[in-house]
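Chain and residue survey
Chain by chain, the residues:
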Amino acid sequence: MFSEPKKTKPTTDQNQQNRIAAGTLITGEISGKGCFRIEGTLEGSLKTPGKVVISEGGLINGTLECENADIEGKFKGKLFVKGTLSLRNTANIEGEVVTGKLAVEPGAVFNATCEMNGGVKPLKKDDEKRSA
C-alpha cells in the first residue's frame, strides 16, 4: 500500500552554486563545499574547495581560500588559490596573493605581493644536463 521513499543520489557538493547577490552585505566567516559567485560584498573570510567568481560589482574585504578564482571585481586582503587565479580586465586586487598559476588580462589592477607555488619545476644540476 505504501511505497518506500525513493533514495536520491547525493550530488557532489563542489557542483553546487552559492550566490551572494548584488546589494547584499555579509559580515563574518563563510565556509562551504560548493562554488561561490560574489556579486555583493563580503567583509570577512570565505573558504571553499570549489571555485570562486567575484563579479564586476562584487567585493571581498578579508581572506579567501579556494581551488580556483576568477576575479572581475575588487578584492582586498589575503588570497590563497591552490589552482589558477584569473584576473579579468576590470579586476582590482590589493593585499597578499599565494597561488599556483596566475593569469592577468590587460587593464587589471594588481597591487599585491605574490607568491606562486606548485608550478615550479626544479632545475637540473649541471652534471645531469647532458648525459649523452
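These figures come from a predicted structure and were not determined experimentally.

**Here we look at the overall build of the protein chain**
Across its full length, the protein chain holds one helix and ten strands. Along the protein chain, from the amino end to the carboxyl end, the secondary structure elements read β-β-β-β-β-β-β-β-β-β-α. Here the protein chain, with 132 residues, has 29% of them falling under the buried criterion. Partitioning the intrachain contacts of the protein chain with sequence separation of at least 6 by distance along the chain shows that 1% fall at a separation of at least 24. Of the roughly 9,100 Å² of accessible surface on the protein chain, a fraction of 49% belongs to carbon and sulfur atoms.

**A word on the nonpolar core**
Soluble globular proteins tend to bury their nonpolar side chains together. Leu46 and Ile71 are the most contacted members of the largest nonpolar core, which has 22 residues in total. Broken down by secondary-structure element, the contributors of at least two residues to this core are β3 (35-38), β4 (41-47), β5 (51-54), β6 (59-66), β7 (68-71), β8 (74-87) and β9 (92-104). Here the element with the most residues in this core is β8; it accounts for five residues. Those residues within four positions of Leu46 in sequence are excluded, and the remaining contacts are Ile30, Phe36, Ile38, Val52, Ile60, Thr63, Leu64 and Glu65.

**Comments concerning the pattern of salt bridges**
Taken as a whole, this structure holds four salt bridges when the rule is applied. The salt bridge partner of Arg19 is Glu39, with a shortest N-O separation of 2.7 Å. Taken together, the residues span a long stretch of sequence, with Arg19 in strand β1 (residues 17-20) and Glu39 in the loop between β3 and β4 at a distance of 20 residues. A relative accessible area of 19% means that Glu39 is categorised as buried. In this structure, Glu105 and Arg88 form a salt bridge, with 3.4 Å as the shortest nitrogen-oxygen distance.

**Describing the confidence of the model for the protein chain**
Within the protein chain, residue pLDDT values average 85, and 77% of them lie at 70 or more. Low confidence marks residues 7-12, where pLDDT is under 50. Its contacts with residues over four positions away, or in another chain, come to one contact.

**Let's talk about the side chain of Ser86**
With respect to the secondary-structure elements, Ser86 resides in strand β8. Residue classification places Ser86 among the buried residues on the basis of a relative accessible area of 12%. Among the polar contacts made by the side chain of Ser86, one reaches the side chain of Asp70 at a distance of 3.4 Å.

**Examining the environment of Asn117**
Within the secondary structure layout, Asn117 lies in the loop between β10 (109-116) and α1 (126-129). Taking the relative accessible area as the measure of exposure, Asn117 reaches 35% and is therefore partly exposed. Ignoring sequence-local partners within four residues, the contact set of Asn117 consists of Val98, Thr99 and Gly100.

So, how was this worked out
- Each chain carries its own residue numbering, running from 1 in the written order of its sequence.
- Totals for whole chains, interfaces and linings use all residues, but because this is a predicted model, local features are given only for residues with pLDDT of at least 70 and pairs of side-chain atoms are given and counted only at 80 or more.
- To get the side-chain values, take all heavy atoms of the structure and skip hydrogens and water.
- Only DSSP runs of H or I reaching four residues or more are called helices, and only runs of E reaching two or more are called strands; each is numbered from the N terminus.
- Any residue under 20% of the maximum accessible area for its type is buried, any over 50% is exposed, and the rest in between are partly exposed; the area is computed with a 1.4 Å probe on protein chains only.
- Any pair of residues with heavy atoms lying within 4.5 Å of one another is described as a contacting pair.
- For every accessible area listed, the method is Shrake-Rupley and the probe measures 1.4 Å; residues are considered covered only by the protein chains on display.
- Here, nonpolar core means buried Ala, Val, Leu, Ile, Met, Phe, Trp, Tyr and Cys residues that are tied together by side-chain atoms lying within 4.5 Å of each other.
- Salt bridges, as used here, are contacts in which a Lys or Arg side-chain nitrogen is within 4 Å of a carboxyl oxygen on Asp or Glu.
- As a per-residue quantity, pLDDT reports the predictor's confidence and falls between 0 and 100.
- N or O atoms closer than or at 3.5 Å make up a polar contact, with two conditions inside protein: a donor-capable atom paired with an acceptor-capable one, and, for residues adjacent in sequence, both atoms drawn from side chains.

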